[in-house]
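Notes for the structure review
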Amino acid sequence: MIEDKRIDLAKLPKHVAIIMDGNGRWAKNKGEHRIYGHQHGVTSVRECTEAAAELGIKFLTLYAFSTENWSRPKEEVDALMELLVQTILAETPTLNKNKVRLLAIGNLKSLPGKCYEQLQEAMAETANNSGLTLVLALSYSAKWEIVEAAKNIAQAVKDGKIDIEKISDQVIDENLTTKGIPDPELLIRTSGEHRISNFLLWQIAYSEFYFTETLWPDFKRAAFFEAIVDYQTRERRFGKTSEQLIS
Ligand code: FPP
């Protein structure tokens, strides 16, 4: 049951993307180590995933680990990877129960072997679920993704499989790791930072942005609903005038 009666179920975004930020500061505020913040961030991941699934949102993409995050202290990177493995292992039955399909985008081959294998297993186990698709961005950066797409398309041109004149938005879409996933209508960033941080640069061309001061471990079900309510007050014009939208 959706307790937030302000939400119009007929006007939901199909795809919500989230830059989960503020775990470190949340932990520091409590006099704890950064990893404590990441551990508590998992509760928010669980609550937002369940809330999105209950609402009937089709795609939720979470920026869990960026290419740039590899340069954090080794101890933190190792702890994040371990947390990922443990969370995926522990949550797969719940994902299945809630009909959630797990996908991952990013340079997955660069993940530690155990993490890569656990991810592949969970994706295979949830592949037939028809509810929400939860997309984890792991070792992901949008510039990396666009470079990879450019290389693929250049190779296709070289091989005579595509004419340069035929390269279009759609051809680029099909060569991104998000192939088959609609662009997010709503992008959320927590923790008061107003940056995109190399996330889904191509796909957010027309997304609505929602920034909140709330640190990720405090971003729970009610906060997720608040973001949806805010999104539903926006007028999405796609370059048109308000009058054109009414007529
Ligand atoms: C940003 O906070 C958060 C991350 C880089 C990692 C996000 C990971 C999780 C929430 C846990 C595992 C995720 C899944 C999907 C199981 P920060 O460390 O940059 O915080 P700060 O800006 O306050 O330092």
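Residues numbered from 1 in each chain as written. Predicted model: local features only at pLDDT ≥ 70, side-chain atom pairs only at ≥ 80, totals over all residues. Heavy atoms only, no water.

Here the focus is the environment of Ala142. Positionally, Ala142 belongs in helix H5 (residues 142-158). The sequence separation of Ala142 and Leu201 amounts to 59 residues, and the corresponding C-alpha distance is 5.6 Å. Excluding its chain neighbours within four sequence positions, the residues that come into contact with Ala142 are Asn198, Phe199, Leu200 and Leu201. (Helix = DSSP H or I, 4+ residues; strand = E, 2+ residues; numbered from the N terminus. Contact = heavy atoms within 4.5 Å.)

Another point: the site of the ligand. Around the ligand there are 19 residues in total, and Asp21, Gly24, Arg25, Arg34 and Arg72 lie nearest to it. Here an oxygen atom of the ligand and a backbone polar atom of Gly22 are 3.3 Å apart. Asn23 is positioned with one of its backbone polar atoms (N or O) 3.1 Å from an oxygen atom of the ligand. When the ligand sits alone it has 630 Å² of accessible area, and the protein chains cover 92% of it. Assessed atom by atom at 2 Å from the grid points, the ligand resides in the largest pocket. Where the shell around the ligand is concerned, the elements lending two or more residues are helix H1 (23-29), helix H2 (34-55) and helix H3 (74-97). (Near = heavy atom within 4 Å. Polar contact = N/O pair within 3.5 Å; in protein donor to acceptor, adjacent residues only side chain to side chain. Areas by Shrake-Rupley, 256 points an atom, 1.4 Å probe, with all protein chains shown as cover. 1 Å grid on protein atoms, 1.4 Å probe; cavity = no way out; pocket = protein on both sides within 12 Å on 5 of 7 lines; lining within 4 Å. Sits in = over half its atoms within 2 Å of the grid points.)

Turning next to the packing of aromatic side chains. Taken as a whole and assessed by the stated rule, the structure comprises seven aromatic pairs. Taking the centre distance of 6.0 Å and the plane angle of 80° together, the rings of Tyr63 and Tyr140 count as edge-to-face. A residue pair is termed long-range when its members are at least 10 positions apart, and Tyr63 in strand E2 (residues 59-66) and Tyr140 in strand E4 (residues 133-140) qualify at 77 residues. Tyr140 shares its class with Tyr63; the two are buried. Between the aromatic rings of Tyr63 and Phe199, the centroid separation amounts to 4.2 Å while the plane-to-plane angle is 10°, which identifies the pairing as stacked. With a gap of 136 residues between them, Tyr63 in strand E2 and Phe199 in the loop between strand E5 (186-189) and strand E6 (208-211) connect regions that are remote in the sequence. (Phe/Tyr/Trp six-rings, centres within 6.5 Å; stacked < 30°, edge-to-face > 60°. Buried < 20%, exposed > 50% of the residue type's maximum accessible area, 1.4 Å probe, protein only.)

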